[in-house]
Amino acid sequence: MATPASTGSEAGQPVDTIVVGGGPAGLSAALYLARYNREVLVFDTGHGRSTHHQTNHNYLGFPSGIPTVDLRKLGLEQLSRYPNARVVHHLITQAEGNAVEGFTVRSQGHSWQARSLLLATGVLDHFPHFEGWESYVGRSMFWCITCDGYENRGRSILVVGHTDAAAGEAMQLHSLTDRVRLLTNSRSDEISPKFRRRLERAGIPVVHDRIKEVEGEDGLLSAVLTRRGLRLELDALFSIQGATPETGLARQLGVGLAASGYVQVDSEQKTSVPGVYAAGDLTALHSHQVTAAVHEGAQAASAANYFLYPPELKAD
């Protein structure tokens, strides 16, 4: 594992880059920065999408797929070979600074400094909450047709959501199986007449009700029980209840956000604040893929490395 950093580094020298987030984007960024011979400090709380139980089948080079938790472990092992890269398990709650004076991040009772800052804080998914819900995520409760649709061909699928986005996902899943139903799981039903007609034509029933409890074991759902007494048998649940980008630190730094609420970046993962970069699910409403996160982390790290060069080493 990567070597833990001291928790009280106020008196220490600033590192080159602080990376906030230890998922695929953050680990990829840290690896690239370490190989640029930069001093890099990674903050990882051990939470996020890549800590769930799902197996990633889309990452090139793993013919049988790889559990995302194993991918994280391999990334940490790879990073541990670089003495200039350190991992700290603190939740960063504050960030401030600029490219001239440097950046400071804070956790409870501690602070760290860096010449540049890379945000890879991801998103918070809005899964249906019922007793033991976390044990089903990635095993039989999913959020991504790109990641898990193929493995659910021909199976009985319950899409959970009350918007046109959920209706659209149900329609897309219908191309993989004709056993699709939609449960709003909300007091409101915001599916537009246009999408409702599409669902009707596809033979996809809409149930306007909410989840009371579930049946299942070992992470495998078998039925959802609704508040109105319905029992909906299923093989898999796709939650399309949205996600919130974790932009708290970005807002503190004055980083520009897109209309969608996600951090706005250019093609090099630069934010609107010089010296601050962002990568991974935090940067886009769509394309939340491990492959994209790893690419963006690498791109952000390369841009941060160039930013850190003295003027005489830059071509521009």
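Look up: the structure comes first, before these words.
Residues numbered from 1 in each chain as written. Predicted model: local features only at pLDDT ≥ 70, side-chain atom pairs only at ≥ 80, totals over all residues. Heavy atoms only, no water.

Caption draft 1: A look at the sheet that holds strand S15 (residues 211-217). Here three strands make up an open sheet; going across it, the order is S15-S16-S17 and the pairing antiparallel. Edge strands, defined here as strands with exactly one partner in the open sheet, are S15 and strand S17 (231-233). For this sheet, the mean angle separating the axes of adjacent strands, direction not counted, is 25°. Examined bridge by bridge, S15 and strand S16 (residues 220-226) share six bridges and lie antiparallel to one another. When the bridges of S16 are listed, Ile211 appears paired with Thr226. (Pairing = 2+ DSSP bridges. Helix = DSSP H or I, 4+ residues; strand = E, 2+ residues; numbered from the N terminus. Axes fitted to C-alpha atoms, helices over the stretch in contact; angles between N-to-C directions.)

Caption draft 2: Region of interest: the environment of Gly26. Counting through the fold element by element, Gly26 comes out in helix H1 (residues 24-35). A relative accessible area of 0% means that Gly26 is categorised as buried. Separated by 80 residues in the primary sequence, Gly26 and Arg106 have C-alpha atoms spaced 18 Å apart. Those residues in contact with Gly26, other than ones at most four positions away along the chain, are Val19, Gly21 and Ala120. (Buried < 20%, exposed > 50% of the residue type's maximum accessible area, 1.4 Å probe, protein only. Contact = heavy atoms within 4.5 Å.)

Caption draft 3: A look at the packing of H1 against helix H2 (residues 68-79). Their axes nearest at 10 Å, the elements H1 and H2 cross at an angle of 15°. Judged by the angle between their axes, H1 and H2 are roughly parallel. H1 and H2 meet at a crossing whose hand is left-handed. Of the residues in H2, those in contact with Leu27, Ala30, Leu31 and Ala34 of H1 are Arg72, Gly75, Leu76, Gln78 and Leu79. Looking at the contact of H1 with H2 residue by residue, the class counts come to six nonpolar, two polar and one charged. (Parallel < 35°, antiparallel > 145°, perpendicular 65-115°, else oblique. Left-handed = near helix turned anticlockwise from the far one by under 90°. Nonpolar A, V, L, I, M, F, W, Y, C, P; charged D, E, K, R; others polar.)

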